[in-house]
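Fold and contact review
Chain residues, written in single-letter form:
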Amino acid sequence: MSDVMHSNKFQSIEVPNRFALAPMTRTSAEPDGTPNALMADHYEGYARGGFGLVITEGTYTDDKASQGYANQPGLIDDAQVAGWQTIVNRVHAAGSKIFVQLMHAGAQFQANRYTNQPVGPSEVMPKGAPLGFYGDQEAWQTPAAMTKADIHAAIDGFAKSATNAKAAGFDGIEIHGANGYLLNQFLSTHFNKRDDNYGGSLENRLRLVVEVVRAVRKAVGDNYPVGIRLSQGTVTDPDYQLPEGEAGFRRVVEAVRDAGADFVHTTDGDVNRPYFVEGKQSLASVAAAVDGIELIINGNIDETNYQDVANQFPDAILAVGKKALANPDFVQRLKDGKEIADIDFAMLQPKATITNELAWRRQNAA
Ligand SMILES: Cc1cc2nc3c(=O)[nH]c(=O)nc-3n(C[C@H](O)[C@H](O)[C@H](O)COP(=O)(O)O)c2cc1C
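Below is a short write-up of the structure. (Residues numbered from 1 in each chain as written. Predicted model: local features only at pLDDT ≥ 70, side-chain atom pairs only at ≥ 80, totals over all residues. Heavy atoms only, no water.)

With respect to the overall build of the chain
- The secondary structure content of the chain amounts to twelve helices and twelve strands.
- Across its three principal axes, the chain shows a C-alpha extent of roughly 55 × 45 × 40 Å.
- Burial statistics for the chain: of 366 residues in total, 59% are counted as buried.
- Put simply, of all contacts in the chain between residues at least 6 apart along the chain, 72% involve residues at least 24 apart.
- Counting only carbon and sulfur atoms, one obtains 48% of the accessible surface of the chain, whose full area is about 13800 Å². (Helix = DSSP H or I, 4+ residues; strand = E, 2+ residues; numbered from the N terminus. Buried < 20%, exposed > 50% of the residue type's maximum accessible area, 1.4 Å probe, protein only. Contact = heavy atoms within 4.5 Å. Areas by Shrake-Rupley, 256 points an atom, 1.4 Å probe, with all protein chains shown as cover.)

Listed below in structure tokens is the structure:
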């Protein structure tokens, strides 16, 4: 039996247990992207609730097109660094570690204080409709296909915000390569119709991902945890599959490892969903078979299956999303044998803000 409650060495850091808070956007920063006291209370609450590792919401990386949502936090100026520093200190004081998730929205662009023009690999919009709980936009905008200069600027943004993350005291960095945001768009044959060396073959579609991982690694140096979140599906197209199947996904994991990533964080609707154009493996099991890279896994992990998942992936950190929203003290509750609530999505309505969650909690406590 694999012990999930004991401390776990994860790269150069010691995580108090094997539970992570999954990254969750809350659109609750100041309008200028500065993290605030509300967010500090919010993140500290998960550390106090027993999560050994807190992963922040997707945080934007430049003053160009990386921001995707109004009131999304950034990590690009002194005020934003100072805001995060407070949060980092509060999480550390509660005994947990904290990674920042660095994100470029690409074509999944609903609001941005620096530009009105989204960018992406090609002039292709996401499927479906914008996410109502992140903003009021009714339709996606057509992104501009990124020039080489745009690509270099995006890489530079990841590198500079990685330097800022280290300065703010974060214990590590998770690059957002999942869920249909920019790096995932380059990997995706839905979004990426380029005919230069960033499009076409898997090696070409991987190029930006690899360049970002390399640039972030270079910015923070060795012995500082850096990894990348990966999925096939997106927020509006959860069943998209890489045409290259299991072998293709294995190649992605190997390529990010060789570019300097210490870990990959796989995410899918269910951690055990067999999910490739061929074969029977899950994303997590394909990643787990690659040597020389650590693993965070996510997807429907709850009080009923966590021990099985932990046994199946004895070295992985288990990232929990919805069950954590419903139970910020999920880990403590497991330890104490207390009841675990299901999520009521009303807590994220009409917008997924922390203020709305607190109002929901007051109402439901009454
Ligand atoms: C409100 C909300 C916001 C989210 N924001 C992010 C995000 O910023 N970055 C990210 O990688 N995933 C984000 N996700 C996805 C979660 O990290 C997680 O992958 C998803 O909830 C599935 O895990 P679960 O079954 O444990 O909930 C978000 C999910 C929710 C419910």
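Quick notes on the site of the ligand
- Within the structure, the ligand sits among 19 residues, and P23, T25, N298, N300 and K322 are positioned closest to it.
- A distance of 2.7 Å is found between an oxygen atom of the ligand and a backbone nitrogen or oxygen belonging to P23.
- T267 has a polar side-chain atom sitting 3.2 Å from an oxygen atom of the ligand.
- Protein coverage of the free-state accessible area of the ligand, which is 610 Å², stands at 89%.
- Assessed atom by atom at 2 Å from the grid points, the ligand resides in the largest pocket. (Near = heavy atom within 4 Å. Polar contact = N/O pair within 3.5 Å; in protein donor to acceptor, adjacent residues only side chain to side chain. 1 Å grid on protein atoms, 1.4 Å probe; cavity = no way out; pocket = protein on both sides within 12 Å on 5 of 7 lines; lining within 4 Å. Sits in = over half its atoms within 2 Å of the grid points.)

Here we look at the layout of surface pockets
- Looking at the largest pocket, its volume works out to about 1000 Å³.
- Considering the residues around the largest pocket, the lining is formed by 39 residues, among which N179, R229, T267, N298 and K322 are closest to the centre.
- Counting residues per element, the ones that place at least two in the lining of the largest pocket are β5 (97–103), β8 (172–179), β9 (226–234) and α10 (322–326).
- Looking at the lining of the largest pocket, the element that brings in the most residues is β9, giving four residues.
- The residue inventory of the lining of the largest pocket, partitioned by class, reads 17 nonpolar, 14 polar and eight charged. (Points joined across faces, edges and corners; volume = space filled by probe spheres on them. Nonpolar A, V, L, I, M, F, W, Y, C, P; charged D, E, K, R; others polar.)

Topic: helix α12 (residues 354–365)
- Taking 1.5 Å of rise per residue, the twelve residues of α12 would be expected to cover 16 Å, and the 16 Å separating its terminal C-alpha atoms lies within 8% of that figure.
- Residues of α12 that are buried sit in contact with α1 (37–48). (Expected span 1.5 Å × (residues − 1).)

Overview of the pattern of salt bridges
- For the coordinates displayed, the defined rule picks out 21 salt bridges.
- Residue E44 pairs with R90 through a salt bridge whose shortest N-O separation is 2.6 Å. Of this pair, E44 sits in helix α1 while R90 sits in helix α2 (residues 78–93), placing them 46 residues apart in sequence.
- Overall, the relative accessible area of 12% leaves E44 in the buried class.
- Take R90: its relative accessible area is 25%, and that puts it in the partly exposed class.
- Note that D268 and R273 form a salt bridge whose closest N and O atoms lie 2.9 Å from each other.
- Judged by relative accessible area, which is 13%, D268 ranks as buried.
- Within the structure, one salt-bridge network assembled from shared partners comprises D41, E44, R48 and R90. (Salt bridge = Lys/Arg side-chain N within 4 Å of Asp/Glu carboxyl O.)

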